Amino acid sequence: MNLSIIGTGYVGLVQGACFADTGNNVICMDIDEKKISGLKKGIIPIYEPGLEELVRKNAQEGRLEFTTSIKTAVQKSDIIFLCLPTPPSEDGSADLSHVLSVVDQIGELANADKIVVSKSTVPVGTVDKIKQLLKKKAKFQMDVVSNPEFLKEGTALQDSLKPDRVVIGTKSKKAAAILQELYEPFVRTGNPIIIMDEHSSEMTKYAANAFLATKISFMNELANLCEEVGADIDSIRKGIGSDPRIGKQFLFPGVGYGGSCFPKDVKALISTSEEFGRPLTILRSVDKLNEEQKKVLLRKLNKHFKDQLSGKTIAIWGLSFKPQTDDIREAPSLVMIRELLNAGAKVRAHDPIAISVVEPLFRGKIDFCESSYDALKDADALLVVTEWNEFRNPDFSKMKKMMKKPVILDGRNIYDPKEMKEKGFTYFSIGR
Ligand SMILES: NC(=O)c1ccc[n+]([C@@H]2O[C@H](COP(=O)([O-])OP(=O)(O)OC[C@H]3O[C@@H](n4cnc5c(N)ncnc54)[C@H](O)[C@@H]3O)[C@@H](O)[C@H]2O)c1
């Protein structure tokens, strides 16, 4: 099939490469000229395991092209995927300006019948808006389909090549059949392609992210209570997670969720619920709790140092919002760095991948360290913020030698409290 992808970011580039890899001709379009000229030279703008090889291979074999021309992308394809940003507006609702302005251009440029697929996460009713706009502008038959994306950054390729499910939202039998054929190679093992109406499909994406965010905030709040009552959240996690109705995943307490999806999607669903007069009160609490949880390590740090952080050197391990990605959107680390600087502390930070994206935000204000041990030099305390594998089994005696004081605040519960005590560390974690 001849496909185009409009918006070559995390979703667009990964999806474009995967569609090309199953034999389709794919044109990836973006307005970012630097990104496109880099991609033409094989430079991948994001860190995602396995992506570079897949992009290079398919580009070399002539199935994957890059362009800044929306005209080329629209006119040379039969199916157009919208993978555009939908950031939060000031009031929390999803900002659809990128999506609608592109749809406007597609309507003008369409040179034959096409299928337009919305992969961006968009509020219920957006597909209706896209249809209306195209009906006004286009001279051809334009089917519009909702096809939300469920990939996770860090395992995006795996998730796209073997999705747990594919959701296709359309009442058009023809469009559904074409998309089913396109996705068939990815679900050979029997995972479902679920066809539903457009509104339900749009809502399914928000429901998935809101539910997962709720699980996280629930565990974080419970962890905070565990500290008060003297219970261990790790034991509780195992105790409840073995119940298949609850499930083992997303039960890890921590420093709050971040990233480009959960925070904005929770806010957008709250906004939709309010607009329709059915406020989702659970989600309001989830969102509020998450903002508070981003400061949990700082509350512990302040308590330990009796609110005297001025002049202290604080090391941070991990800047990206989760391991295996360089995405720092809404990352808890950024909140921590700002609060530490406000309190007059010095910050020494290390991350295996994300330093180059954080550096422009805090240039000259904090020290960026190439190695995790270097970040510990003369540190009064270490905050473990992202659970990168390389932090899991460090050389604790080397750490102790490097640090001014052996104080660790573990925001991801990656170390054992008993062992840390035996090794002579003052150790704090979450809910234990
Ligand atoms: N990142 C994820 O993990 C993820 C997962 C599932 C769904 N989503 C959703 O997918 C959508 C895209 O997310 P993303 O993370 O890929 O965003 P992104 O910011 O990484 O990529 C978006 C791309 O669109 C480009 N763009 C902006 N305006 C454009 C225009 N007018 N024409 C062409 N290109 C334009 C940007 O330059 C950018 O490269 C969002 O709605 C998001 O919520 C993201």
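Residues numbered from 1 in each chain as written. Predicted model: local features only at pLDDT ≥ 70, side-chain atom pairs only at ≥ 80, totals over all residues. Heavy atoms only, no water.

Trainee: So what's going on with the sheet that holds strand 13 (residues 407–410)? Which residues, and what values?
Mentor: If you trace the 6 strands from one edge of the open sheet to the other, you get 11-10-9-12-13-14, paired in parallel fashion. The open sheet is flanked by strand 11 (367–368) and strand 14 (426–428), the only strands paired with a single partner. The strands touched by helix 13 (residues 296–304) within the sheet are strand 9 (313–317), strand 12 (381–384), strand 13 and strand 14, with strand 13 carrying the most contacts at an inclination of about 155°. (Pairing = 2+ DSSP bridges. Helix = DSSP H or I, 4+ residues; strand = E, 2+ residues; numbered from the N terminus. Contact = heavy atoms within 4.5 Å. Axes fitted to C-alpha atoms, helices over the stretch in contact; angles between N-to-C directions.)

Trainee: Could you give me a rundown of empty space enclosed by the protein, with the residues and numbers involved?
Mentor: Inspection of the entire model under this criterion finds 1 cavity of 30 Å³ or more. Approximately 40 Å³ is the volume attributed to the largest cavity. Ser118, Ser120, Thr121, Val122, Ser146, Pro148, Ser201, Glu202 and Lys205 are the residues that line the largest cavity. The element contributing the most residues to the lining of the largest cavity is helix 9 (residues 198–229), with 3 residues. For the lining of the largest cavity, the per-class residue count stands at 2 nonpolar, 5 polar and 2 charged. (1 Å grid on protein atoms, 1.4 Å probe; cavity = no way out; pocket = protein on both sides within 12 Å on 5 of 7 lines; lining within 4 Å. Points joined across faces, edges and corners; volume = space filled by probe spheres on them. Nonpolar A, V, L, I, M, F, W, Y, C, P; charged D, E, K, R; others polar.)

Trainee: Can you lay out the side chain of serine 320 for me, pointing to particular residues and giving the numbers?
Mentor: Turning to its location among the elements, serine 320 is positioned in the loop between strand 9 and helix 14 (332–342). Among the polar contacts made by the side chain of serine 320, one reaches the side chain of tryptophan 388 at a distance of 3.4 Å. Setting aside residues up to four positions removed in sequence, serine 320 forms contacts with Thr325, Asp326, Asp327, Ile328, Ala331, Asp351, Ala354, Thr386 and Trp388. (Polar contact = N/O pair within 3.5 Å; in protein donor to acceptor, adjacent residues only side chain to side chain.)

Trainee: So, the state of the cysteines: which residues are in play, and what are the values?
Mentor: Tallied over the entire structure, the rule returns 0 disulfides. We note that cysteine 83 lacks a disulfide partner, and the nearest cysteine sulfur, in cysteine 28, lies 8.2 Å from it. (Disulfide = S-S within 2.5 Å.)

Trainee: A description of the site of the ligand should follow, citing residues and the corresponding values.
Mentor: Around the ligand, 27 residues are found, and the nearest of them are Asp30, Lys35, Thr86, Glu153 and Lys264. Side-chain polar atom of aspartate 30 to an oxygen atom of the ligand: 2.6 Å apart, as the coordinates give it. At 3.3 Å from an oxygen atom of the ligand is found a side-chain nitrogen or oxygen belonging to arginine 329. Contact with the protein chains covers 90% of the free accessible surface of the ligand, which is 830 Å². Elements supplying a minimum of two residues to the shell around the ligand: helix 1 (10–21) and helix 5 (97–109). Of the residues assigned to the shell around the ligand, the class counts are 11 nonpolar, 8 polar and 8 charged. (Near = heavy atom within 4 Å. Areas by Shrake-Rupley, 256 points an atom, 1.4 Å probe, with all protein chains shown as cover.)

Trainee: Tell me about helix 1, and name the residues and values.
Mentor: With 12 residues, helix 1 should reach 16 Å at 1.5 Å per residue; the first-to-last C-alpha distance of 17 Å fits that figure. Judged by how many residues are buried, helix 1 sits mostly within the fold: 10 of 12 residues are covered. Along helix 1, the residues classified as buried are Tyr10, Gly12, Leu13, Val14, Gln15, Gly16, Ala17, Cys18, Phe19 and Ala20. Count one or two residues on from helix 1 and you reach glycine 23, which has phi positive near 100°. (Expected span 1.5 Å × (residues − 1). Buried < 20%, exposed > 50% of the residue type's maximum accessible area, 1.4 Å probe, protein only.)

Trainee: Help me get a handle on the packing of aromatic side chains, residues and values and all.
Mentor: For the structure shown, the criterion picks out 10 aromatic pairs. Here tyrosine 257 and phenylalanine 262 contribute two aromatic rings whose centre-to-centre distance is 5.8 Å and whose plane-to-plane angle is 75°, an arrangement assigned as edge-to-face. According to the relative accessible area criterion, tyrosine 257 is buried, its value standing at 5%. Using a relative accessible area of 14% as the deciding quantity, one classes phenylalanine 262 as buried. Grouped by ring-pair contacts, the aromatic residues Phe19, Phe81, Tyr183 and Phe186 constitute a single cluster. (Phe/Tyr/Trp six-rings, centres within 6.5 Å; stacked < 30°, edge-to-face > 60°.)

Trainee: Break down helix 2 (residues 33–40) for me, with residues and values.
Mentor: Counting along an α-helix, one turn takes 3.6 residues, and residues three or four places apart therefore face a common direction. Those residues of helix 2 that fall on the buried side of the exposure criterion are Ile36, Gly38 and Leu39. Projected down its long axis, helix 2 carries its buried residues within an arc of 160°, all on one side. For helix 2, the exposed residues set more than 90 degrees away from the buried face come down to Glu33, Lys34 and Lys40. Packed against the buried residues of helix 2 are helix 1, strand 2 (25–29) and strand 3 (64–67). The N-cap residue of helix 2 is aspartate 32: its side-chain oxygen and the backbone nitrogen of lysine 34 are 3.2 Å apart. Directly after helix 2, the chain includes glycine 42, whose backbone phi takes a positive value near 90°. (Arc of directions from axis to C-beta.)

By themselves these figures say nothing about function.
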